[in-house]
Each structure stands twice: as C-alpha cells, then as structure tokens.
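Examination of the molecular architecture
Chain by chain, the residues run as shown.
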Amino acid sequence: MATRNSGDAVGGDMEATVCAPASKRPARDRIFETARELFYQHGIRAVGVETIASEADATKMTLYRNFPSKDELVAEVLREQEREYWAWWEEVTSCCCTDPRAQLEAIFDAFETKACNKDVHGCPLSNAAIELHEENHPAQVVSVNYKKELYRRLLDLTLRAGAKDEDLADALMLLMEGSSSARVTLGAAGPVRAVARSARALIRFHLDGGC
C-alpha cells in the first residue's frame, strides 16, 4: 500500500525510522498537532480523519494505529489542552503568594489578556462541550469534568477570600463562560475587553458589601 511518506509505511516502522530524515517528527505527533489545530479552527464535526491524515502527511491506517478512533483522538487533544490550562492557572496564581482575592483578580487579568489574543477563538473545551451532545462521548466527558474542576477551583478561592456562599463563584463562572462565547461571536474588540473590570466589580460587591 503506497503511503505519503516512509514514516507511515504499513508494517515498515523500523525501516521507516532509519530512512526518514532526522528532523521528521513522529507520525503520532504530526497527527495529534494537526488534529488539534483543525479541530480548533474548523470544529470537531467538520474535520474528518482523512483530512487529518492528509494534512499530517500520514495515512488513515497510521492514524488508527496511534489512536483507536476519532473520538479518542478528540479526547486526547482536549486532555492536553486541559493540562496546559491548569499549568497556566498555576503560573498565574503562583505570583500572588497565598492571597485568594489577589489570585482571583490575577486569573481574570490573565484571562482577558489571553482571550484578546488574535489567534484565540474561545475556549476549546467549551467549544467541544457545545458541539458534542452525546453524554458518554469521551471528549464530552473530558470537557464536563474540566468545567466541574474549574468551578470547584473558583469556589475554593472565593470562599477562602471571604465569600459567604456560592454566589460569587457562580457569578465569576458565568462571566468566564460568557466571555469565552462572546470572544467567538464578537471578537477581541467586543465585551471580552471588560472581563477583568467586571470580575473586580463582582469581587468588590460580594466581599466588600457592595462598595
């Protein structure tokens, strides 16, 4: 069976490894990175495995040898994006010592900066949750669990900052989710520019008695 490059030759992985240029990235990496970009730019449903394989300079057989199904490939992409998000979260909050209020403000400052980047088209995990409706879809499970953890972290910070109940966490979660959607529809020049100011107003209202 002919392939687009020797690195994807069926049954010839060892020979392909020897013959392929040293700079050639492994097929799995190419497929993963290509799928990640295409899913984010065009949507999960709109991108098929044939397109992914072709753009990655691979074959469908190679794709399925590395990922059991497209659903599992989508889930793995989202898991990696979730890991990157929590790394970002830890980096942002680590700059504020242990002050939970300062950490909340820092998160929304950084979130606004991130959301206004010209290459951003909303939260990929939110986009996936909206696009995928099957409750047991492996990617949907990743998205839902991520959102639950995000809310848990916001609730923990707000309570440690002095909130009496879940109201502040609820409001900040809605602000973050709504901002992600507004970024997709109204762009970087839209309401997303007010995320940090809005978060501070909510924090003052709930923690300082509406001052």
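From a predicted model like this one, the values you see are computed outputs, not experimental measurements.

To describe a pair of aromatic rings, you give the distance between the ring centres and the angle between the ring planes. The full count for this structure, using the stated rule, is 7 aromatic pairs. With 5.7 Å between their ring centres and 75 degrees between their planes, Trp 86 and Trp 89 make a pair best called edge-to-face. Taken together, the residues span about one helical turn, with Trp 86 and Trp 89 both in helix α5 (residues 70–93) at a distance of 3 residues. Using a relative accessible area of 11% as the deciding quantity, one classes Trp 86 as buried. Through a chain of ring-to-ring contacts, the aromatic side chains of Tyr 85, Trp 86, Trp 88, Trp 89 and Tyr 146 assemble into a single cluster. Its guanidinium or amino end placed over the ring of Trp 86, Arg 153 lies 3.9 Å from that ring's centre, counting from NZ or CZ.

This next bit is on the pattern of salt bridges. This structure, assessed with the given rule, holds 17 salt bridges. Across the salt bridge formed by Glu 33 and Arg 25, the nearest N and O atoms sit 2.4 Å from each other. The class of Glu 33 is partly exposed, set by a relative accessible area of 37%. The exposure class assigned to Arg 25 is partly exposed, which follows from its relative accessible area of 42%. Residue Lys 147 pairs with Glu 177 through a salt bridge whose shortest N-O separation is 2.7 Å. Residue Lys 147 is located in helix α8 (residues 138–161), and its partner Glu 177 is located in helix α9 (residues 167–186); the two are separated by 30 residues in the primary sequence. The network of salt bridges with common partners includes Arg 101, Glu 105, Asp 109, Arg 200 and Asp 208.

Criteria and thresholds
- Residues numbered from 1 in each chain as written.
- Predicted model: local features only at pLDDT ≥ 70, side-chain atom pairs only at ≥ 80, totals over all residues.
- Heavy atoms only, no water.
- Phe/Tyr/Trp six-rings, centres within 6.5 Å; stacked < 30°, edge-to-face > 60°.
- Helix = DSSP H or I, 4+ residues; strand = E, 2+ residues; numbered from the N terminus.
- Buried < 20%, exposed > 50% of the residue type's maximum accessible area, 1.4 Å probe, protein only.
- Lys NZ or Arg CZ within 6 Å of the ring centre and 35° of its normal.
- Salt bridge = Lys/Arg side-chain N within 4 Å of Asp/Glu carboxyl O.

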